[in-house]
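Take a look at the letters that make up each chain.
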Amino acid sequence: MEAQTLTSQTPSGKIGVWWFLASEIPVFGGLIVSYIVLRLGGAGWSEASSHLNFNFALANTFVLLTSSLTMVLAFAEVEAERPRRVGNYLLLTILLGVLFLAVKGFEYAGEIGKGFTPGAGIFWSFYYGMTGLHALHVLAGIVVNLILYLQALSGALQRHGHRVELAGLYWHFVDVVWIFLFPLLYLT
Amino acid sequence: MNSTSPNAESVAHDAEPGFWRAYLFSTDHKRIAKQYLSVALFWAVMGGLTAYLMRWQLAYPDTEVPGWGFIAPDFYNMLVTMHGTIMVFFVAMPILLAAFGNFLIPLMIGARDMAFPRLNMLSFWVFALASLVLLTSLFVPGGAASAGWTGYPPLSAKPEYTGVTWGLNLWLLALALEFASFLMGGVNFLTTAINMRAPGMSFFRLPLLVWMELTAAVIFMLSVGPLIAGAVMLLMDRVVGTTFFLPEGGGEPLLWQHLFWFFGHPEVYVILLPGFGLILEIIPVFSRKPIFGYRPIIYSTIVAGALSFVVWAHHQFLSGMDPRLAMPFSITTIIISVPFALIVFAMIATLWRGSITFSTPMLFAMGTLSVFIFGGLTGIFNGSAPVDIYIHDTYFIVAHFHYTLFSAVFFAGFAGLTYWFPKMFGRMMNEQLGKLHFWLTFVFFNAVFIPMHVVGLGGMMRRISDPTQYEFLRPLQPLNQFITVAAILLLLSQLVFVVNFFRSLICGKVAERNPWQANTLEWRVPSPPPHENFDAIPVVYHGPYEYNSSEAAVDWLPQDRRVTTGAATR
């Protein structure tokens, strides 16, 4: 059957991912705006925030930013047609993502140990809600990258190199969300 | 019939897929559309059943409902909640967006399928899973969700308040799955329309239905996010002990209302616009005239879509939010009636001096128009805060939104189903039964909902299970009984449609390609269209509404027919 020619120069996958990201922005947007509005109208938020582990979160920010770099490098290697390096950079991105989640889990454990459970107050509700939803997005990104990594190992990725770019778009989005969450939760 | 274009090649069809791929796990947009339609029609029956039970209880409180039994107040709360949830999320959206959007968008733009056929299949199966979860929630211990379809906390946030435990959690999960499904669907709709249009099908040659579906998809995708966040928050309040919406833990119940209605009001247009899109296709065909104001309708749609994001707090005039917000939200709410008035006037102007055929689809289109105008007018009452303070949460509101949504979902839905039935199933529906169904529906619909305005102005609250417990509502009881009788007749009238639907499916007259002599591309392929739709991708030369054009010998001009005489090569 004659394949259909696309109307635009942009591959459909890229258009789809951008629309998906556009619909993700209001999810975090709703949470962030709720947090800001309630915080402006209430007291005690800064005090609660001071119990967070700033140093770990700062380190975690660098971990996530670095993982965005390795993601970009993976795509650069796709364009340079060096499939082995694509796989290596994907693996590095996955490991950095896992490291981020591990540090986050360590933070959660410490906070819950100090009695700051999700029910400990409205700041903690938002803290766990926002970082938890973000962590789920990181996890989803890890799964996507893992699938791509396995495809890279089997050689299947060579024909579908653009998938690395699409996964990268999502991964950078998740990174950018953290760039908003970090100062809102830890620095104020 | 010049349906082949100079530069498209004609190629044989792919082999038809096997049984499982063809019927259950199909990636064909037409099959998926029918899957959505089937599930939604099942839910429509459930929604009708809840309406019957509620109406009986309101007319004859605490008597045995024929065919069911007694209705306890708790159970009544569940009925109210489920009726709203089912009708909005499991009937309106799957029919108007998913079924018609899936079936028609690829056909109308000249595509073989959606941009992402497998994602399309996944959307349906996630929706089916959502349906299953909602169905399960009806049978879990503690009963189904009963905090209203809007799920306001603190009522919804603590199981102690309603006695409902898993019912409400599953309700939230079902909604989350539903949203995920329609987000995937939205991505697919938009990408398909951006990237899969046939040569010559510019954005300003798209049928208006496609514009309406796309605008609805954008509105949905950009407004549902905060409610997804809100649903996660509410679930966390119920399950892990956070206090987002619980004042005793520093939370704010009003926050949920903002998150809910920031989506909830745009959602009204998510449903309304595809409904309008359906009748905008039908009206020109049965008036044999070009649509009046094609571009102004598109611009109005976009303006209405943008405005729909800044009207939400008109649901909350009495919620305890800052009263200074009432005036701005009243103003935006009344402004949004302007683009809709323009679209309605454009429809009426299309009828003006047309040669109108009152076929069943056209009757339902006219029904949509008249019923919607009525509902739009009461909307102006509700939108002004001073009036709304009196009628808020009364049956006046119930009557209002049934006038708007029943028109979009059922009148426009029946218009669409009767109009595209030949294309979907390859057979014609029976006109006599169709007309009978229309008139019964139209008469009984008004008999139900006009008196409801009166009951509402009399002060009857929208979610009480027994109006006779209030002295001041007792004089309204005869009216309530009248409404109930009319509602039962309205429900029974739908049997005419059921009979017509199945009878036509089995032994209706076999439909030709283009029984209505319409211009849009779906009528250029066989009924029902084959796998991958087109032999060769068509080339589009005209807008969709060139009826009685001086360029063509007959009174219609298909979008892909090149006119070779005179000024044809424009």
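Residue indices begin from 1 for each chain and proceed along its sequence in written order. Throughout, the order in which chains and ligands are written sets their labels, letters from A for the former and numbers from 1 for the latter. Reporting in this predicted model follows two pLDDT cut-offs: at least 70 for local features of residues, and 80 or more for side-chain atom pairs to be given and counted; totals over whole chains, interfaces and linings ignore these cut-offs and use all residues.

Asks: How do you make sense of the overall build of chain A when you look at a structure like this?
Replies: A tally of regular secondary structure across chain A gives six helices and zero strands. The way it works is that DSSP assigns letters per residue, a run of H or I at least four long becomes a helix, a run of E at least two long becomes a strand, and they are numbered from the N terminus. When its helices and strands are written in sequence order, chain A yields α-α-α-α-α-α. If you line up chain A on its principal axes, its C-alpha atoms span 65 × 35 × 20 Å. Comment: burial labels come from other C-beta atoms within 10 Å of the residue's own C-beta, placed from the backbone, where a count of 20 or more is buried, 12 or fewer is exposed, and between is partly exposed. For chain A, the residues scored as buried account for 35% of the 188 residues in total.

Asks: Please explain the overall build of chain B as it appears in this structure.
Replies: Scanning chain B for helices and strands turns up 16 helices and zero strands. Taken over C-alpha atoms, the radius of gyration is set against a globule rule of 2.2 Å times the number of residues to the power 0.38. Since a compact globule built from 570 residues should have a radius of gyration of about 25 Å, the 24 Å found for chain B is in line with a globular shape. The buried share of chain B, reckoned over its 570 residues, is 55%. When contacts within chain B are restricted to residue pairs at least 6 apart in sequence, long-range pairs at least 24 apart make up 82% of them. It is the C-beta atoms, placed from the backbone, that decide contacts: two residues are in contact if theirs lie within 7 Å.

Asks: Please clarify how the environment of Phe244 of chain B should be interpreted in this entry.
Replies: Among the secondary structure elements, Phe244 of chain B is positioned in the loop between α7 (208-239) and α8 (253-287). For Phe244 of chain B, a count of 29 C-beta atoms within 10 Å translates into the label buried. Sequence-wise, Phe244 of chain B and Pro153 of chain B are 91 residues apart; in three dimensions their C-alpha atoms are separated by 9.7 Å. Setting aside anything within four residues of it in sequence, one finds Phe244 of chain B in contact with Ser125 and Gly129 of chain A together with Met233, Met236, Asp237, Gly251 and Leu255 of chain B.

Asks: I would appreciate a short explanation of the interface of chain A and chain B in the present structure.
Replies: It is common to give the size of an interface as the accessible area that goes away when the parts come together. With 32 residues of chain A at the contact, the number on the chain B side is 42 residues. Contributions of two or more residues to the side of chain A that touches chain B are made by α1 (12-41) and α5 (122-154) of chain A. Gly falls in the polar group here, along with every residue not listed as nonpolar (Ala, Val, Leu, Ile, Met, Phe, Trp, Tyr, Cys, Pro) or charged (Asp, Glu, Lys, Arg). A class-by-class count of the residues in the side of chain A that touches chain B yields 15 nonpolar, 15 polar and two charged.

Asks: What's the story with the packing of α1 of chain A against α5 of chain A in this structure? I'm lost.
Replies: Helix packing geometry: the angle between the two helix axes and the distance between the axes. Residue and element names in this part refer to chain A. Under this scheme, a helix contributes an axis fitted over its contacting stretch, all axes are lines through C-alpha atoms, and angles between N-to-C directions fall in the 0 to 180 degree range. Direction vectors running N to C along α1 and α5 enclose 160°, while the axes themselves pass 11 Å from each other. As the angle between them shows, α1 and α5 are arranged roughly antiparallel. The way α1 lies across α5 gives a crossing that is left-handed. Listed contacts from α5 to Leu31, Tyr35 and Leu38 of α1 are Ile122, Phe126, Gly129, Met130 and Leu133. Considered class by class, the residues forming the contact of α1 with α5 number seven nonpolar, one polar and no charged. Here the angle decides the label: under 35 degrees means roughly parallel, over 145 means roughly antiparallel, 65 to 115 means roughly perpendicular, and every other value means oblique. For any helix crossing, the convention is left-handed if the near helix is rotated counterclockwise from the far helix by under a right angle, and right-handed if that rotation is clockwise.

Asks: Even after reading the chapter, I still don't get α8 of chain B, so can you show me in this structure?
Replies: An α-helical turn contains 3.6 residues, so a residue and the one three or four places further along point in the same direction. Residues and elements named next belong to chain B. Expected helix span is taken as 1.5 Å per residue step, with the number of steps being one fewer than the number of residues. Compared with an ideal rise of 1.5 Å per residue, which puts 35 residues at 51 Å, α8 spans 51 Å between its outermost C-alpha atoms and is within 8% of the ideal. By definition, a residue's bend is the angle between the axes fitted to the seven residues ending there and the seven starting there. Along α8, the sharpest kink reaches roughly 30°, centred on Trp261. Taking burial as the measure, the 35 residues of α8 include 30 buried ones, the bulk of the element. In the segment just after α8, Arg288 is the residue with positive phi, at about 50°.

Asks: Looking at this structure, how should I read unusual backbone geometry?
Replies: What is expected of a backbone is that most residues other than glycine have negative phi and most peptide bonds are trans. Residue and element names in this part refer to chain B. Note the cis peptide between Pro153 and Pro154, where omega equals 5°. One can find Pro154 in the loop between α4 (117-137) and α5 (159-162). Going from Ser527 to Pro528, the amide bond is cis rather than trans, its omega being -10°. Phi is positive for Asp62, which is not a glycine, with a value near 60°. Structurally, the position occupied by Asp62 is in the loop between α2 (29-59) and α3 (73-109). A positive phi angle is found at Arg288, which is not glycine, with a value near 50°.

Asks: I tried to follow helix α11 (residues 337-351) of chain B on my own but got confused; where do I start?
Replies: For α11 of chain B, built from 15 residues, the straight-helix expectation of 21 Å at 1.5 Å per residue is met to within 8% by its first-to-last C-alpha distance of 21 Å. Positive phi appears at Arg353 of chain B, one or two residues downstream of α11 of chain B, with a value of about 60°.

Asks: Can you walk me through the environment of Met221 of chain B in this structure?
Replies: All names here are of chain B. On the secondary structure map, Met221 appears in helix α7. The exposure class assigned to Met221 is buried, which follows from the 25 C-beta atoms found within 10 Å. When the C-alpha atoms of Met221 and Thr165 are compared, they prove to be 30 Å apart, with 56 residues separating the residues in sequence.

Asks: Would you explain the packing of helix α12 (residues 360-383) of chain B against helix α14 (residues 395-425) of chain B in this entry?
Replies: Residues and elements named next belong to chain B. In the contact formed by α12 and α14, the axes pass within 8 Å of each other and the chain directions differ by 160°. Considering the angle they form, α12 stands roughly antiparallel to α14. Between α12 and α14 lies a crossing whose hand is left-handed.

Asks: For this particular structure, what's the right way to read the environment of Leu157 of chain A?
Replies: Residue and element names in this part refer to chain A. Structurally, Leu157 is set in the loop between α5 and α6 (162-186). Taking the C-alpha atoms as reference points, Leu157 and Ser12, 145 residues apart in sequence, are found 18 Å from one another. Sequence-distant contacts of Leu157, that is, excluding residues within four places in its chain, are made with Pro83, Val86, Leu148, Gln151, Ala152 and Arg163.

Asks: Please clarify how the confidence of the model for chain B should be interpreted in this entry.
Replies: As a note on interpretation, predicted positions should not be read in detail where pLDDT is low. All names here are of chain B. The predictor attaches a confidence to each residue, called pLDDT, with possible values from 0 through 100. Per-chain confidence: chain B averages 93 in pLDDT, with 96% of residues scoring 70 or above. Of all the helices and strands in chain B, helix α1 (residues 19-24) carries the lowest mean pLDDT, 77, while helix α15 (residues 431-457) carries the highest, 98. Here residues 1-14 is modelled with pLDDT under 50, and outside its nearest four sequence neighbours on either side it reaches 26 contacts, counting other chains as well. Model confidence for the complex is summarised by a pTM of 0.94, with the ipTM given as 0.94.

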